[in-house]
Amino acid sequence: MTLSLRRLVDDPARTGQLEIRFYRERVLFAEWNDDGFTKRSYRPGDWEHVLHRYSRIPALAGSKPAR
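Just so it is clear, the model here is predicted, and its values are computed rather than measured. (Residues numbered from 1 in each chain as written. Predicted model: local features only at pLDDT ≥ 70, side-chain atom pairs only at ≥ 80, totals over all residues. Heavy atoms only, no water.)

Considering the overall build of the protein
Regarding its fold elements, the protein presents 2 helices and 4 strands. Helices and strands in the protein line up, N terminus first, as β-β-β-β-α-α. Looking at the protein residue by residue over its 67 residues, the buried ones come to 19%. Total accessible area on the protein is roughly 6000 Å²; 53% of this is exposed by carbon and sulfur atoms. (Helix = DSSP H or I, 4+ residues; strand = E, 2+ residues; numbered from the N terminus. Buried < 20%, exposed > 50% of the residue type's maximum accessible area, 1.4 Å probe, protein only. Areas by Shrake-Rupley, 256 points an atom, 1.4 Å probe, with all protein chains shown as cover.)

Set out below in structure tokens:
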């Protein structure tokens, strides 16, 4: 699984990108700026179960619940 978060330094639109690949296939992609999402794509599959399994590991889940 590959996770990448990108934000260009000299981008006046302040666009950010998040891409998740599972076995070299893009399964989740999001692009946004200060106004909201500009692009989104999602492909359901086994990769969701992998992320869910990692969220239950105490060392990766954090000590406090998110607010």
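Points about the environment of T38
Tracing the sequence through the fold places T38 in strand β4 (residues 36–42). With 22 residues separating them in the primary sequence, T38 and G16 have C-alpha atoms 9.8 Å apart.

Regarding the nonpolar core
Burial of nonpolar side chains together is a common tendency in soluble globular proteins. Membership of the largest hydrophobic core is limited to 5 residues, which are I20, F22, V27, W47 and V50. Elements that contribute at least two residues to this core include exactly β2 (16–22) and α1 (47–55). (Core = buried A, V, L, I, M, F, W, Y, C linked by side-chain atoms within 4.5 Å.)

Topic: the packing of aromatic side chains
The full count for this structure, using the stated rule, is 1 aromatic pair. Ring centres 4.5 Å apart and planes at 75° place the aromatic pair F22 and Y23 in the edge-to-face group. The side chain of R26 reaches across the aromatic face of F29, ending 4.4 Å from its centre. (Phe/Tyr/Trp six-rings, centres within 6.5 Å; stacked < 30°, edge-to-face > 60°. Lys NZ or Arg CZ within 6 Å of the ring centre and 35° of its normal.)

Details of the pairing of strand β3 (residues 25–33)
Pairing geometry for β2 and β3, over 7 bridges, is antiparallel. Note that in β3 the partner of G16 across the bridge is W32. Here β2 hands over to β3 after 2 residues, with Y23 in that stretch at a positive phi of 50°. In this structure, β3 lies alongside β4, joined through 6 bridges in antiparallel fashion. Within the sheet, the bridge partner assigned to N33 lies in β4 and is G36. Here β3 hands over to β4 after 2 residues, the two strands then running antiparallel side by side. (Pairing = 2+ DSSP bridges.)

Digging into the confidence of the model for the protein
Predicted coordinates in areas of low pLDDT are best not read in detail. Taken as a whole, the protein shows an average pLDDT of 78; of its residues, 79% reach a score of 70 or greater. The least confident element of the protein, judged by mean pLDDT, is helix α2 (residues 58–61) at 58; the most confident is β3 at 89. (pLDDT = per-residue confidence, 0-100.)

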